[in-house]
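Residues per chain are reported as follows:
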Amino acid sequence: MKTYDKAAWHIDGGENSTDVIHKFEHIYEFLNRHDMLTEDGKEILDAGIDDSAALTSNDLTPAGRHFVEDYYDSLINLTAEELEKKLNSIVSL
């Protein structure tokens, strides 16, 4: 299992926990809308994203892993609002 990101890494790095959680919510919701979450990933989303959230390869379908490996680093550094706008502008993969 590969861990792509953890909310705690950002929070421990000084980011606002509410902003970090919103970013993770936006990402998980986007991945879900595009059928890129496995059942494990969907369970995390359904349970609610919190400061213990971690995005791992077990949460993602092959398409989700490809998306995360190609785009995640450039997306996660945006503000929560910028991230939401950017993800909403992606209509096809």
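Our structure is the block above this text.
Report follows, based on the coordinates.

Thresholds applied
- Along each chain, the written sequence defines residue order, and numbers are assigned to residues from 1.
- Selection of residues for local features in this predicted model requires a pLDDT of at least 70, selection of side-chain atom pairs for listing and counting requires 80 or more, and totals for whole chains, interfaces and linings are taken over all residues.
- Excluding hydrogens and water, the side-chain figures rest on all heavy atoms present in the structure.
- To qualify as a helix, a DSSP run of H or I must reach at least 4 residues; to qualify as a strand, a run of E must reach at least 2; elements of each kind are numbered from the N terminus.
- The cut-offs for exposure are 20% and 50% of the maximum accessible area for each residue type, with area from a 1.4 Å probe on protein chains only; residues under the lower value are buried, those over the upper are exposed, and the others partly exposed.
- We call two N or O atoms a polar contact when they sit within 3.5 Å, provided that within protein one can donate a hydrogen and the other can accept it, with sequence-adjacent residues counted only if both atoms are side-chain atoms.
- The contact definition used throughout considers only heavy atoms, calling two residues in contact when any of these lie within 4.5 Å.
- Between the rings of Phe, Tyr and Trp (Trp by its six-membered ring), a pair exists once the centres lie within 6.5 Å; its type follows the angle of the planes, with under 30 degrees stacked, over 60 edge-to-face, and the other angles tilted.
- Like-charged residues are merged into a patch within 9 Å and nonpolar side chains (Val, Leu, Ile, Met, Phe, Trp, Tyr) within 5 Å, provided each residue has over 30% relative accessible area and no salt bridge.
- Throughout, the Shrake-Rupley method with a 1.4 Å probe supplies accessible areas, and for residues the shown protein chains are the sole cover considered.
- What counts as a salt bridge is simple: a side-chain nitrogen of Lys or Arg found within 4 Å of a carboxyl oxygen of Asp or Glu.
- Charge assignment in this entry is limited to Lys and Arg as positive and Asp and Glu as negative, and neither His nor the chain termini are counted.
- Lys charges are placed at NZ, Arg charges at CZ, Asp charges at CG and Glu charges at CD.

### Some remarks on the side chain of Lys 23
Here's step 1: The topology assignment puts Lys 23 in helix α2 (residues 17–33).
Here's step 2: A relative accessible area of 7% places Lys 23 in the buried class.
Here's step 3: In this structure the side chain of Lys 23 is engaged in a polar contact, spanning 2.9 Å, whose partner is the backbone oxygen of Ile 76.
Here's step 4: Ignoring any residue separated from it by four or fewer positions in sequence, one finds Lys 23 in contact with Glu 15, Ile 76, Asn 77, Leu 78, Thr 79, Ala 80 and Leu 83.

### Some points on the side chain of Thr 61
Here's step 1: Within the fold, Thr 61 resides in the loop between β2 (54–56) and α4 (62–76).
Here's step 2: For Thr 61, a relative accessible area of 19% corresponds to the buried category.
Here's step 3: Setting aside its immediate chain neighbours within four residues, Thr 61 contacts Asp 35, Met 36, Leu 37 and Thr 38.

### Side note on the packing of aromatic side chains
Here's step 1: Counted by the stated rule, this structure contains two aromatic pairs.
Here's step 2: Seen in terms of ring centroids, Phe 30 and Phe 67 are 5.0 Å apart; in terms of plane orientation they differ by 35°. Their pairing is tilted. Here the residue Phe 30 occupies a position in helix α2, and Phe 67 occupies one in helix α4, the gap between them amounting to 37 residues. An identical accessibility class is assigned to Phe 30 and Phe 67; each is buried.
Here's step 3: With centroids separated by 5.0 Å and ring planes inclined at 35°, the aromatic side chains of Phe 67 and Tyr 71 adopt a geometry described as tilted. Taken together, the positions of Phe 67 and Tyr 71, both in helix α4 and four residues apart, correspond to about one turn of that helix.
Here's step 4: On the basis of relative accessibility, which here comes to 6%, the residue Phe 67 falls in the buried class.
Here's step 5: Three or more aromatic residues link up through ring pairs in this structure, and these residues are Phe 30, Phe 67 and Tyr 71.

### Here we look at the environment of Asp 35
Here's step 1: For Asp 35, the position within the fold is in the loop between α2 and α3 (39–47).
Here's step 2: Taking the relative accessible area as the measure of exposure, Asp 35 reaches 61% and is therefore exposed.

### Points about a negative patch on the surface
Here's step 1: Together, Asp 19, Glu 29, Glu 81, Glu 82 and Glu 84 make up a region of like negative charge exposed at the surface.
Here's step 2: The set of elements that each furnish at least two residues to the negative patch consists of α2 and α5 (80–89).
Here's step 3: Here the negative patch takes three residues from α5, the largest share from any one element.
Here's step 4: Position of Glu 81 among the secondary structure elements: in helix α5.
Here's step 5: Glu 81 gets classed as exposed once you look at its relative accessible area, which sits at 52%.

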